[in-house]
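Understanding the architecture of this molecule
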Amino acid sequence: MDLPATGAGQVRVRMRAASLCHSDLSAMSGVLPQPAPFVPGHEGAGEITEVGADVKGLAVGDHVVICWMPPDGTCPSCLRGEGNLCLAGFANMGTPNYRFDGTDIFGFSGTGTFAEETVVAAGCAVKLPDDVPFEVGALIGCGVTTGVGAAIHTAKVKPGSSVVVIGCGGVGIAAIQGARVAGAAQIVAVDPVAGRRDWALRFGATEAVAPEGLAAVQQRLTPGGEGFDYAFEVVGRSATVRAAYDATRRGGAVVVVGAGAMDDMAQFNMFELFFNEKRLLPSLYGGADVLRGYRTIIDLWRAGRLDLEGMITHHVRLEGINDAIEQMRTGEALRTVITL
């Protein structure tokens, strides 16, 4: 597989670490739209080896995080401080990142981090401070920023509040850590995989139950069983969005973090939407300007308030990527880092 020449506005990055996110599997299965054929991977960190014309602020040797949806800084969303809603980055999805036997190969979300090198738009390469390891940088590129940001930026979890997190993969664990940092008093983790429930307790959940145990813990922990102040759906399915809604108290917040299929329809009746006054809060890429989100995560990590290294449960070499995919499918891994 060959790389194209580094063009104007692009940089070439030697990948040093990448991590596997469930969104990669969703793109591979067709749940998320992505031009094909493509190289998966969108969480990664590496070192710039070449800088194209018209690129400012980046130089050969810079350590960078790969940003799969970079803000352009000029659109209405960016000017409102909502860089996570900037659509400019989607244009990168239509630009091939590789060639193989004369065929254009795309990188997932314009990046494609499961490769030794990649050529990306300069905006996709965000400087990583030298004291941040590449493995930590890879996690910051998507999952950690998404989960922690959902708690502190989108939901704005209040100290002393009650939280339930449905889905305790890497993003769910990050949401649990975000709720803990924000001062939630009760954090209930819900996942069908026992190992993930154990991890949730390690990272800040106060209780962890299988899905069939949610109703009982809601009845026991919340006044009159009314529901939690915040419910985070981190699966990406209509059934779990409904479960999150039902687990939220009247006037509470349902935070939708999981990326699901366009034909999977969540259903609510108009009376309950009006009468219960539960806030439906979708959270895309951490619910805030992406660069601000990265800085916040790094500051919290430096202060010892986020455990990012502990989220890495498995390591594989690039040639072992199929093992990493199987580990995620079975729930064996929390975050698998691919070293390159």
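Now for a description of the structure that goes with this document. Remember, it's a predicted structure, so these values are computed and weren't measured experimentally. (Residues numbered from 1 in each chain as written. Predicted model: local features only at pLDDT ≥ 70, side-chain atom pairs only at ≥ 80, totals over all residues. Heavy atoms only, no water.)

**What about the pairing of strand E9 (residues 162-166)?**
The cut-off we apply is this: Residue exposure (1.4 Å probe, protein chains only): buried if accessible area is under 20% of the type maximum, exposed if over 50%, otherwise partly exposed. Only runs of H or I of at least four residues qualify as helices and only runs of E of at least two qualify as strands under DSSP, and these elements are numbered from the N terminus. Each pair of strands is called paired provided DSSP finds at least two bridges between the two strands. Seen with its strands pointing away from the viewer, a crossover is right-handed when the path leading from the first strand over the helix to the second is clockwise.
Within E9, five of the five residues are buried, which leaves it mostly tucked inside the rest of the structure. Along E9, one buried face is formed by Ser162, Val164 and Ile166 and the opposite face, lined by Val163 and Val165, is buried too. Bridging between E9 and strand E10 (residues 186-190) involves five bridges; their strand directions are parallel. Residue pairing across strands places valine 163 opposite isoleucine 187, the latter belonging to E10. The β-α-β motif built from E9, the intervening helix H5 (residues 170-182) and the parallel element E10 has right-handed crossover chirality. Inspection of the sheet shows E9 paired to strand E12 (residues 228-233) by four bridges, in the parallel sense. The residue bridging valine 164 from the neighbouring strand is alanine 231, located in E12.

**Remarks on helix H6 (residues 194-202)**
Spelled out, the test is: Throughout, the arc means that of the directions going from the helix axis to the C-beta atoms. Only heavy atoms enter the contact rule, under which two residues are in contact if any of them lie within 4.5 Å.
Within the sequence span of H6, burial applies to Arg196, Arg197, Trp199 and Ala200. Down the axis of H6, the buried set is contained in an arc of 160°. They therefore lie on one face. What points out from H6, more than 90 degrees from its buried face, is the exposed set Asp198 and Arg202. Buried residues in H6 make contact with H5, E10, strand E11 (207-209), strand E15 (312-317) and helix H11 (321-330). Immediately beyond the C-terminal end of H6, within one or two residues, lies glycine 204, with a positive phi of roughly 130°.

**What about the packing of aromatic side chains?**
The condition is simple: Centres within 6.5 Å make a pair out of two Phe, Tyr or Trp rings, where for Trp the six-membered ring is used; the pair is then stacked when the planes are under 30 degrees apart, edge-to-face when over 60, and tilted otherwise. Two limits define a charge over a ring: the Lys NZ or Arg CZ must be within 6 Å of the ring centre, and within 35 degrees of the ring normal.
By the definition in use, this model includes five aromatic pairs. Aromatic side chains tyrosine 245 and phenylalanine 268 sit 5.0 Å apart centroid to centroid with 55° between the ring planes, which places their arrangement in the tilted category. With a gap of 23 residues between them, tyrosine 245 in helix H8 (residues 238-246) and phenylalanine 268 in the loop between strand E13 (248-256) and helix H9 (270-276) connect regions that are remote in the sequence. The buried category is assigned to tyrosine 245, whose relative accessible area is 1%. Under the relative-accessibility criterion, phenylalanine 268 is labelled partly exposed at 24%. An aromatic cluster is built from Phe271, Phe274 and Phe275, whose rings are joined through pairwise contacts. Its guanidinium or amino end placed over the ring of phenylalanine 275, arginine 250 lies 4.2 Å from that ring's centre, counting from NZ or CZ.

**Some words on the sheet that holds strand E6 (residues 103-107)**
What the three strands build is an open sheet, ordered E2-E6-E5; its pairing is mixed. The sheet is open, and its two edges are formed by strand E2 (38-39) and strand E5 (98-100), each paired on a single side. Judged from the three bridges that link them, E5 and E6 form a sheet pairing that is antiparallel. The partner of tyrosine 98 across the bridge, within E6, is isoleucine 105.

**A look at unusual backbone geometry**
Cis geometry is adopted by the peptide bond preceding proline 37, which originates at alanine 36 and carries an omega value of 0°. You will see that aspartate 101, though not glycine, has its phi angle at about 50°, which is positive. Along the chain, the position of aspartate 101 falls in the loop between E5 and E6. Overall, aspartate 101 belongs to the exposed group, its relative accessible area being 70%. In this structure, tyrosine 285 takes a positive phi of about 55° despite not being glycine. In this fold, tyrosine 285 is placed in the loop between strand E14 (279-282) and helix H10 (290-302). With relative accessibility at 2%, the residue tyrosine 285 sits in the buried group.

**What to know about the packing of helix H4 (residues 143-154) against H5**
Applied cut-off: Angles run from 0 to 180 degrees between N-to-C directions of axes, and those axes are lines fitted to C-alpha atoms, restricted for helices to the stretch in contact. These descriptions rest on fixed angle ranges, namely under 35 degrees for roughly parallel, over 145 for roughly antiparallel, 65 to 115 for roughly perpendicular, and the rest for oblique. Should the near helix be turned counterclockwise from the far one by less than a right angle, the crossing is left-handed, whereas a clockwise turn marks it as right-handed. Polar here means any residue other than Ala, Val, Leu, Ile, Met, Phe, Trp, Tyr, Cys and Pro, which are nonpolar, and Asp, Glu, Lys and Arg, which are charged; Gly is therefore polar.
Viewed as axis vectors pointing N to C, H4 and H5 meet at an angle of 40°, and their least axial separation amounts to 7 Å. In terms of orientation, H4 and H5 fall into the oblique class. The way H4 lies across H5 gives a crossing that is right-handed. The residues of H5 that touch H4, namely those facing Gly143, Val144, Thr146, Gly147, Val148, Ala151 and Ile152, are Val171, Ala174, Ala175, Gly178, Ala179 and Ala182. Per-class residue counts for the contact of H4 with H5 are nine nonpolar, four polar and no charged.

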